[in-house]
Amino acid sequence: MTTPAQTESTEAKAPNSVVLTDVAAQKVKALIEQEGRDDLRLRVAVQPGGCSGLRYQLFFDERSLDGDIVTDFDGVEVVVDRMSAPYLTGATIDFADRIDAQGFTIDNPNAGNSCACGDSFS
């Protein structure tokens, strides 16, 4: 008896890459619903730049790149590319909706220094 060939995914599953809080997951779901698409995921990346050396990028993406680390949070997929993963391991993404702060926040234990706006780190 032969079995059908299985295709291997280029995505890796890693539960310890980043953490998306329940509040942030609900906000991401709502934003994706507003877009009217069901193929979008939240991509979190680290890029050179910013006043502290590196900066965060959060955006919706439908692409799957070789080596992506995908973690599911109650139906919301968070994707981290393999180059950004070491910088984001253990980071927590939350959503603040207060008078003094509104938007996504990242608490990253790997960041030695960060700028006042919270968008870049080293």
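This text follows the structure it describes.
Residues numbered from 1 in each chain as written. Predicted model: local features only at pLDDT ≥ 70, side-chain atom pairs only at ≥ 80, totals over all residues. Heavy atoms only, no water.

*Asks:* Can you walk me through the side chain of threonine 21 in this structure?
*Replies:* Among the secondary structure elements, threonine 21 is positioned in the loop between strand 2 (18–20) and helix 1 (22–35). Only 2.7 Å separates the side chain of threonine 21 from the side chain of aspartate 94, close enough to count as a polar contact. Each residue touching threonine 21, except ones within four places of it in the same chain, is listed here: Thr92, Ile93, Asp94 and Phe95. (Helix = DSSP H or I, 4+ residues; strand = E, 2+ residues; numbered from the N terminus. Polar contact = N/O pair within 3.5 Å; in protein donor to acceptor, adjacent residues only side chain to side chain. Contact = heavy atoms within 4.5 Å.)

*Asks:* Sorry, what's going on with the packing of aromatic side chains here?
*Replies:* By convention here, two paired aromatic rings are described through the distance between centres and the angle between planes. For the structure shown, the criterion picks out 1 aromatic pair. Each ring, one from phenylalanine 95 and one from phenylalanine 104, has its centre 5.0 Å from the other, and the planes form 65°; the classification is edge-to-face. On the accessibility criterion, phenylalanine 95 (13% relative accessible area) is buried. For phenylalanine 104, a relative accessible area of 32% puts it in the partly exposed group. (Phe/Tyr/Trp six-rings, centres within 6.5 Å; stacked < 30°, edge-to-face > 60°. Buried < 20%, exposed > 50% of the residue type's maximum accessible area, 1.4 Å probe, protein only.)

*Asks:* Looking at this model, I keep getting lost on helix 1. Mind explaining?
*Replies:* The periodicity of an α-helix, 3.6 residues per turn, causes residues three or four positions apart to be oriented the same way. An ideal rise of 1.5 Å per residue puts 20 Å on 14 residues; helix 1 measures up with 20 Å between its terminal C-alpha atoms. Burial in helix 1 covers these residues: Ala24, Ala25, Val28 and Ile32. All buried residues of helix 1 project into a common sector of 100° when viewed along the axis, lining one side. Those residues of helix 1 that are exposed and aimed more than 90 degrees away from the buried face are Asp22, Gln26, Glu33 and Gln34. Positive backbone phi, at 75°, marks glycine 36, one or two positions downstream of helix 1. (Expected span 1.5 Å × (residues − 1). Arc of directions from axis to C-beta.)

*Asks:* I keep staring at the sheet that holds strand 7 (residues 91–97) and nothing clicks. Help me out?
*Replies:* One open sheet holds the 3 strands; their spatial order is 2-7-8, and the pairing between them is mixed. Among the strands making up the open sheet, the edge pair consists of strand 2 and strand 8 (102–107). The mean inter-strand angle of the sheet, taken between neighbouring strand axes irrespective of direction, is 25°. Bridge analysis of strand 7 against strand 8 gives 6 bridges, and the strand direction is antiparallel. Each bridged residue has a counterpart across the sheet, and for aspartate 97 the counterpart in strand 8 is glutamine 102. Contacting strand 2, strand 7 and strand 8, helix 1 runs over the sheet at an angle of about 70° to strand 7. (Pairing = 2+ DSSP bridges. Axes fitted to C-alpha atoms, helices over the stretch in contact; angles between N-to-C directions.)

*Asks:* When you look at the pairing of strand 3 (residues 41–48) in this model, what are you seeing that I'm missing?
*Replies:* Both faces of the sheet carry side chains from a regular strand, because those side chains alternate between them. The buried fraction of strand 3 amounts to 6 of the 8 residues, a majority that puts the element mostly inside the structure. Of the strand pairs in this sheet, strand 3 and strand 4 (residues 54–61) are connected by 8 bridges, and their pairing is antiparallel. Looking across to strand 4, one finds that arginine 43 is bridged to phenylalanine 59. Bridge analysis of strand 3 against strand 6 (residues 76–80) gives 3 bridges, and the strand direction is parallel. Counted as the bridge partner of valine 44 is valine 80 from strand 6.

*Asks:* Any chance you could explain the pattern of salt bridges here in plain terms?
*Replies:* When their charged atoms lie close together, side chains carrying opposite charge are able to pair. Under the criterion given, the structure shown has 9 salt bridges. One salt bridge in this structure joins aspartate 61 and arginine 43, with 2.6 Å as the shortest N-O distance. Here aspartate 61 is found in strand 4, whereas its partner arginine 43 is found in strand 3, with 18 residues between them in sequence. Given a relative accessible area of 5%, aspartate 61 falls into the buried group. Assessed through its relative accessible area of 3%, arginine 43 is described here as buried. (Salt bridge = Lys/Arg side-chain N within 4 Å of Asp/Glu carboxyl O.)

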